[in-house]
Number of protein chains: 2
Amino acid sequence: MLPIQDYIGFQLLQIHRAHRARAEAALQKLGLHTGQEMLLFQLWKEEGMTPSQLAACLGVEPPTATKMLQRLERAGLIERRTDPEDARIVRIYLTERGRALERPVLEVWQHLEARTVANLSPTEQALLRRLLMQVSANLS
Amino acid sequence: MLPIQDYIGFQLLQIHRAHRARAEAALQKLGLHTGQEMLLFQLWKEEGMTPSQLAACLGVEPPTATKMLQRLERAGLIERRTDPEDARIVRIYLTERGRALERPVLEVWQHLEARTVANLSPTEQALLRRLLMQVSANLS
DNA sequence: TTCTTTTTGTTAGCCGTCTAAATAATAACA
DNA sequence: TGTTATTATTTAGACGGCTAACAAAAAGAA
């Protein structure tokens, strides 16, 4: 009969919201919204991926990726090209403006990550990572 | 230059999504959506709270609480009553149907919490809780 | 008393997320 | 060949979440 605030599930939810709020504030200066940088991370690593592949990398359903891609396209950061060999397939490429965001976004994330694990020793950080991996496996 | 998947921030996001998906699946059988049960938890503890108070308990902005309350009202689980002494203030009360959900929702959460911390010893669970509290403080 | 400020709540509009259903094109089979 | 099944993507519509702007009521000040 624990109060809801003591559940780890509740704690995770609160942390997620706080983390997103921090990310939103920092990404806003770059004209991005939280989550969009995830897609860009994948594209900086490899262009020409399909919406489905991107969705899988992000752990998201295809319609979610579609919507995010529409907004990124409208923002002029990516472009769609239909695959010449299979007209069902769409391939996503970065525009110049999309490529230019790599460094500043990386800095935002590194800064946020540092803040997230502040006051934790390297040992504790490794431990947290391991425990979260177990939780992740439990919920998959 | 870590891949994004190795960031703790990314791990937290994935865990949150997995956790929400599990909660959604279980709550769906009760006619609820993820997050709504949080509001109900507060009301089961104390009725007559105002939207602002509820938002604060949930760590959410007032407009978010307003929307959730509208949906819960439409679903017949809560009702609004204007405070007789101060017409600005709205007080939220449960309906019979809202009260009836306490036990089944609690069971859903206990079950999900057990799954979340499965394969973790009591020591590890306490450790995880402590580390998450630190992360939470870092991001606040 | 009347005007201004503060407080409370809601509306509007955006984004991420989901499921279910529609669309379109390729593949497979009879 | 023509019909059916499968695959890739998008659309529609719901929900949680946010900020900014609005409305209404109470409190305070002149």
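None of these values were measured; they are calculated from a predicted model.

*Asks:* How should I be thinking about the protein's contact with DNA strand D in this particular structure?
*Replies:* Contacts to DNA strand D come from 26 residues, most closely from Arg17, Ser52 and Gln70 of chain A together with Lys67 and Arg71 of chain B. The sugar-phosphate backbone supplies 75% of the atoms of DNA strand D found within 4 Å of the protein. Within the side chain of Gln36 of chain B, an N or O atom sits 3.1 Å from a phosphate oxygen of DNA strand D. Contact distances for DNA strand D include 2.5 Å between a base oxygen and a side-chain N or O atom of Lys67 of chain B. Elements with a minimum of two residues in the surface near DNA strand D: α1 (8–28), α3 (51–58) and α4 (62–74) of chain A together with α4 (62–74) of chain B. With five residues, α4 of chain B is the single largest residue contributor to the surface near DNA strand D. Classifying every residue of the surface near DNA strand D gives eight nonpolar, eight polar and ten charged.

*Asks:* Can you walk me through the interface of chain A and chain B in this structure?
*Replies:* One frequent convention defines the size of an interface as the accessible area lost when the parts assemble. Each partner contributes to the interface: chain A provides 52 residues, whereas chain B provides 51 residues. Both sides of the chain A and chain B interface together cover about 5100 Å² of buried area, and 65% of this is carbon and sulfur. Summed over the shared surface of chain A and chain B, the number is two salt bridges. Between Glu124 of chain B and Arg130 of chain A there is a salt bridge whose closest N-O contact spans 3.1 Å. Counting every contact that joins chain A to chain B gives 25 residue pairs in polar contact (both at pLDDT 80 or more). Among the elements of the structure, α1, α2 (36–45), α3, α6 (102–116) and α7 (122–139) of chain A are those that each provide at least two residues to the side of chain A that touches chain B. The element that contributes the greatest number of residues to the side of chain A that touches chain B is α7 of chain A, accounting for 14 residues. Classifying every residue of the side of chain A that touches chain B gives 27 nonpolar, 16 polar and nine charged.

*Asks:* I'm lost on the relation of the copies chain A and chain B in this one. Help?
*Replies:* The operation relating the two chain copies consists of a rotation about an axis and a shift along that axis. When chain A is fitted onto chain B, the two copies agree to an RMSD of 0.0 Å after a turn of 180° and an axial shift of 0.0 Å. The operation mapping one copy onto its partner corresponds to a two-fold rotation axis. Looking at the interface residues of chain A, 98% of them are also at the interface in chain B, so both copies use one shared face.

*Asks:* Where do I start with α4 of chain A in this structure?
*Replies:* Along an α-helix, a turn takes 3.6 residues, which lines up residues three or four apart on a common side. Residue and element names in this part refer to chain A. Spanning 13 residues, α4 covers 18 Å between terminal C-alpha atoms, matching the ideal 18 Å at 1.5 Å per step. In this fold, the buried residues of α4 make contact with α2, α3, β1 (78–82) and β2 (90–94). With its phi angle positive at about 75°, Gly76 sits one or two positions after the end of α4.

*Asks:* When you look at the packing of α7 of chain A against helix α1 (residues 8–28) of chain B in this model, what are you seeing that I'm missing?
*Replies:* Relative placement of two packed helices is described by the angle separating their axes and the distance separating the axes. Running from amino to carboxyl end, α7 of chain A crosses α1 of chain B at an angle of 25°, the nearest separation of the two axes being 10 Å. Comparing the axis directions of α7 of chain A and α1 of chain B gives the class roughly parallel. Here α7 of chain A runs over α1 of chain B; the crossing is left-handed. Together, Gln125, Leu128, Arg129, Leu132, Met133, Val135, Ser136 and Leu139 of chain A of α7 of chain A and Ile8, Gln11, Leu12, Ile15, Ala18, His19 and Arg22 of chain B of α1 of chain B make up the contact between the two elements. Of the residues that constitute the contact of α7 of chain A with α1 of chain B, the class distribution is nine nonpolar, four polar and two charged.

*Asks:* I would appreciate a short explanation of the protein's contact with DNA strand C in the present structure.
*Replies:* In the vicinity of DNA strand C there are 26 residues, among which Gln36 and Lys67 of chain A together with Arg17, Ser52 and Gln70 of chain B approach most closely. Here a phosphate oxygen of DNA strand C and a side-chain polar atom of Thr64 of chain A are 2.8 Å apart. Put simply, the parts of the chain that give the surface near DNA strand C at least two residues each are α4 of chain A together with α1, α3 (51–58) and α4 of chain B. With five residues, α4 of chain A is the single largest residue contributor to the surface near DNA strand C. Its residues placed into classes, the surface near DNA strand C shows eight nonpolar, eight polar and ten charged.

Parameters and conventions
Residues numbered from 1 in each chain as written. Chains lettered and ligands numbered in written order. Predicted model: local features only at pLDDT ≥ 70, side-chain atom pairs only at ≥ 80, totals over all residues. Heavy atoms only, no water. Near = heavy atom within 4 Å. Polar contact = N/O pair within 3.5 Å; in protein donor to acceptor, adjacent residues only side chain to side chain. Helix = DSSP H or I, 4+ residues; strand = E, 2+ residues; numbered from the N terminus. Nonpolar A, V, L, I, M, F, W, Y, C, P; charged D, E, K, R; others polar. Contact = heavy atoms within 4.5 Å. Buried area = accessible area lost by both parts, 1.4 Å probe. Salt bridge = Lys/Arg side-chain N within 4 Å of Asp/Glu carboxyl O. Least-squares fit on C-alpha atoms with pLDDT ≥ 70 in both. Expected span 1.5 Å × (residues − 1). Axes fitted to C-alpha atoms, helices over the stretch in contact; angles between N-to-C directions. Parallel < 35°, antiparallel > 145°, perpendicular 65-115°, else oblique. Left-handed = near helix turned anticlockwise from the far one by under 90°.

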